[in-house]
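# Descriptive structure summary
The chain contents come next:
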Amino acid sequence: MKLGAVIITMGNRPDELRALLDSVTAQDGDRIEVVVVGNGAPVPDVPAGVRTVELPENLGIPGGRNVGIEAFGPSGADVDALLFLDDDGLLPNRDTAELCRRAFEADPELGIITFRIADPETGATQRRHVPRLRAADPMRSSRVTTFLGGANAVRTRVVAEVGPLPEEFFYAHEETDLAWRALDAGWMIDYRADMVLNHPTTAPSRHAVYHRMVARNRVWLARRNLPAPLVPLYVGVWLLLTLVRRPSPPALKAWFGGFREGWSTPCGPRRPMKWRTVWRLTRLGRPPVI
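Our subject in this report is the structure included herewith. (Residues numbered from 1 in each chain as written. Predicted model: local features only at pLDDT ≥ 70, side-chain atom pairs only at ≥ 80, totals over all residues. Heavy atoms only, no water.)

### Quick notes on the layout of surface pockets
Taken as a whole, the second largest pocket encloses approximately 190 Å³ of empty space. Forming the walls of the second largest pocket are 14 residues, and the residues nearest its centre are Val24, Thr25, Arg31, Ile32 and Val34. Residue assignment for the lining of the second largest pocket shows that the elements contributing at least two residues are helix H1 (14-25) and strand E2 (33-38). When residues in the lining of the second largest pocket are grouped by element, the largest group, three residues, is from H1. Residues belonging to the lining of the second largest pocket are distributed by class as follows: seven nonpolar, four polar and three charged. (1 Å grid on protein atoms, 1.4 Å probe; cavity = no way out; pocket = protein on both sides within 12 Å on 5 of 7 lines; lining within 4 Å. Points joined across faces, edges and corners; volume = space filled by probe spheres on them. Helix = DSSP H or I, 4+ residues; strand = E, 2+ residues; numbered from the N terminus. Nonpolar A, V, L, I, M, F, W, Y, C, P; charged D, E, K, R; others polar.)

### Here's the deal with the environment of Pro204
Along the chain, the position of Pro204 falls in the loop between strand E8 (188-198) and helix H6 (210-225). The exposure class of Pro204 is buried, given its relative accessible area of 18%. Residue contacts for Pro204: discarding those within four places in its chain leaves Arg128, Tyr171 and Tyr210. (Buried < 20%, exposed > 50% of the residue type's maximum accessible area, 1.4 Å probe, protein only. Contact = heavy atoms within 4.5 Å.)

### Quick notes on the side chain of Thr145
Along the polypeptide, Thr145 turns up in the loop between strand E6 (142-144) and strand E7 (151-155). Other than its neighbours up to four places away in sequence, Thr145 contacts Pro131, Ala179, Trp180, Leu183, Ile189, Leu281, Leu284 and Arg286.

Quick look at the structure:
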């Protein structure tokens, strides 16, 4: 099974990027072809054999990754699966690529694998990095309903069948949008605790646009993918959760600005999932109302 890897960078972490590339090169099995996308920034020096694409402007996380996909042919057709890795991450184990190959080969319905993210110093996995409601045990592998954007492998047939990441999202929830479309098409998603990406512990709110885009894209996600009766229910639950978490007044103001934007601006094509997909999500432990 032929693997490729897509890494997007803003060019501001050259040492971490080089370490990540070295960890990809060190993987057991066949060579992994790598494309590094400079998302509105020059790409730092990379080893020989690594392809680079420099974009004149920042297209956001999904836009940059989509460019990386197309570097492997239409919908990534030159390879069987693509690894998507954060440029400040690191594959600490040499067998991660081989585990991906075996998992995809053993399960024809498996479309996406999401890795366990662990802090390189403590080995701890943040609860938000376990993509299920029962997240207390990050060492338990399971079927899930979404995946982690910077630590995953996607079968390229999934992209060819359901389309790429939603570029209009720019940042936040683009993985869940693709995950829901993949599940609606009959693919499955696995969280694998034995496939590890080391990544420093961070808070998503470090990004200046976090609160606005999280709120806007949550509304867009529902408008694009959910059956009409579930749209207000899903969005209403997240509104209540946000209020219960009591963010700071500036954060709450940004959140409500994004919430309004989510209803008032175009969200891309609407393709509501089948009700049997709603039931599948429910059986997997995450009904699409939370």
